[in-house]
Amino acid sequence: MLEGVGDSAAVGYFADVPRAEPILEAAKAIAAQARVAADEIESTQRLPAELVRAMSAAGLFQMYVRPAVGGPGLDPLTAYRAVETLARADASVAWLAMVASSSAWLTGWVPDDVLRSMGGDPCNLRLAGSNRPLGRATRVTGGYRLSGRWDFSSGIMHANWVIAGCLIDEGAAAPTMRIMLVPVADVRVEHTWSVVGMRGTGSHDVIIDEAFVPESHAVLAIGTALSDEAIYSQRLVRVCTFGPVAAVLVGAALGAIDDVLAIADRQTTLNSTALRDRPEVQRCIADSTARIDSTRAYIREVITAAYDAVCNEQDPTVAVATSRLAFAHAAQQASFVVGELIRVVGTPAAHLSNPLQRRARDLMVAQHFPSFDISTYENAGRVLLGLEPNDAGW
């Protein structure tokens, strides 16, 4: 894989955002630390404390927190690039940056003073949890009483705040939904993350039992945000949040190509010819590079188009649809590439000492994220054909 392929700034509205380069440089430095700590991250199912501090200080847990409260306030392409860089080293580290920052998109509806009290100065907000309405809340004086259980809480082992989607009991009226912001001290963690891939995300269950949540920490993320940052547009939410998910898979595939290049001069016990001298390996490396670099270029083009449309007050419908199509396509390409690389490397790829096996296990788990479902192709196709998508919230 040639360094720099697809790494130039996008042409478009946010091509020269001055906030981009520092966090991208930080992502490269932290990726180097993640490579060294990969085995520890997988075995302990959490990030080392020094890595948490470095990622938070760099803003990699807060990419969508606005600058007014100390956040980076990044555009979606920069967030994609940062996550991709991390995933090239370790998919779990990238996933944790993605989840925390995607959750931070909700802070567009949280007042400045509340955010400052939560994150401090400089901003050290580290979110985990789930916005799915799996809890129940009742109104009390000044706020709510919240109870429930939420699974797949990636990053809970280093989080300081939890997002918890819930339905609010309104008596005779239909329940309404809110996303509660709860300090981690009010949460109990149950260690349920027993999986073959993405182990380092520590995506355990969280349980909340009758916690008090003040009104100021109950988020209704609809309508106009409190900030005019373009990232908080309702039309752009799927681009901001699903793009970095795709970056995890694409970055993992890039890392798999790196892994094969690193061992290309080796022989195997069943074949005395070095990997780099085998035509099948040569074809696979070339095909894998073409697939992943073209996927990256496609993603960056459609993210730019969607963001430009929103910033310029144009209809972003088609651009958002093609963005989601690009993300789903990326998942397919990444999984195919890693599978082919393992096939041509052969038995050595199965050894636990070979990072390829971890790439495969991580992708096997990550590709089940809902944004990669086959229905994405159907809905994107409907939009491109001038029809309404089957899912109204798509």
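Since the structure is predicted, the reported quantities are computational estimates derived from the model, not experimental observations.

Caption draft 1: Highlighting the overall build of the protein chain. Each helix and strand counted, the protein chain has 10 helices and 7 strands in total. Against the globule reference of 21 Å for 394 residues, the protein chain gives a C-alpha radius of gyration of 21 Å, in line with a compact fold. Along the longest, intermediate and shortest principal axes, the C-alpha atoms of the protein chain span 75 × 45 × 40 Å. Within the protein chain, buried positions represent 55% of all 394 residues. Looking at the protein chain alone, contacts between residues at least 24 apart form 75% of all its contacts between residues at least 6 apart. Counting 33 positive and 43 negative side-chain charges, the protein chain places the averaged centre of each group 4 Å from the other.

Caption draft 2: A look at the packing of helix 3 (residues 76-89) against helix 6 (residues 237-262). Where helix 3 meets helix 6, the axes come as close as 7 Å, and the angle between the chain directions of the two elements is 30°. Note on packing geometry: the crossing formed by helix 3 with helix 6 is right-handed. Grouping the amino acids of the contact of helix 3 with helix 6 by side-chain chemistry returns 14 nonpolar, 3 polar and 3 charged.

Caption draft 3: Quick look at the nonpolar core. With 106 residues, the main nonpolar core has Leu47, Met55, Leu60, Leu86, Trp105 and Ile299 as its most contacted residues. The element contributing the most residues to this core is helix 6, with 16 residues. Those residues within four positions of Ile299 in sequence are excluded, and the remaining contacts are Tyr80, Ala246, Val250, Ala326, Phe327 and Ala330. Ranked by size, the runner-up nonpolar core spans 19 residues in total, among them Ile156, Cys166, Ile168 and Ile208.

Caption draft 4: Focus on the sheet that holds strand 1 (residues 127-140). Pairing is mixed across the open sheet formed by 7 strands, whose spatial order is 5-6-2-1-3-4-7. Two strands in the sheet have a free side with no partner beyond their single neighbour: strand 5 (188-190) and strand 7 (218-219). Relative to strand 7, strand 4 (residues 173-183) is paired through 2 bridges, and the arrangement is antiparallel. Counted as the bridge partner of Ile179 is Val219 from strand 7.

Caption draft 5: Broad picture of the pattern of salt bridges. This structure, assessed with the given rule, holds 19 salt bridges. Arg235 serves as the salt-bridge partner of Asp315, at 3.4 Å between the closest nitrogen and oxygen. One end of the pair, Asp315, is in the loop between helix 7 (279-311) and helix 8 (317-345); the other, Arg235, is in the loop between strand 7 and helix 6, with 80 residues separating them in the sequence. Judged by its relative accessible area of 42%, Arg235 falls in the partly exposed class. The shortest N-O distance in the salt bridge between Glu340 and Arg343 comes to 2.9 Å. One end of the pair, Glu340, and the other, Arg343, are both in helix 8, 3 residues apart, so they sit about a helical turn from each other. On the basis of relative accessibility, which here comes to 22%, the residue Glu340 falls in the partly exposed class. One continuous salt-bridge network, built from bridges that share partners, spans Asp39, Glu42, Arg358 and Arg361.

Caption draft 6: Focus on the environment of Trp193. By the element assignment, Trp193 lies in the loop between strand 5 and strand 6 (204-214). For the pair Trp193 and Glu280, spaced 87 residues apart in sequence, the C-alpha separation works out to 38 Å. Here the side chain of Trp193 touches Met198 through a polar contact of 3.0 Å, landing on its backbone oxygen.

Definitions and limits used
- Residues numbered from 1 in each chain as written.
- Predicted model: local features only at pLDDT ≥ 70, side-chain atom pairs only at ≥ 80, totals over all residues.
- Heavy atoms only, no water.
- Helix = DSSP H or I, 4+ residues; strand = E, 2+ residues; numbered from the N terminus.
- Rg over C-alpha atoms; globule rule 2.2 N^0.38 Å.
- Buried < 20%, exposed > 50% of the residue type's maximum accessible area, 1.4 Å probe, protein only.
- Contact = heavy atoms within 4.5 Å.
- Lys, Arg positive; Asp, Glu negative; His and termini not counted.
- Charge placed at Lys NZ, Arg CZ, Asp CG, Glu CD.
- Axes fitted to C-alpha atoms, helices over the stretch in contact; angles between N-to-C directions.
- Left-handed = near helix turned anticlockwise from the far one by under 90°.
- Nonpolar A, V, L, I, M, F, W, Y, C, P; charged D, E, K, R; others polar.
- Core = buried A, V, L, I, M, F, W, Y, C linked by side-chain atoms within 4.5 Å.
- Pairing = 2+ DSSP bridges.
- Salt bridge = Lys/Arg side-chain N within 4 Å of Asp/Glu carboxyl O.
- Polar contact = N/O pair within 3.5 Å; in protein donor to acceptor, adjacent residues only side chain to side chain.

Structural measurements only, silent on function.
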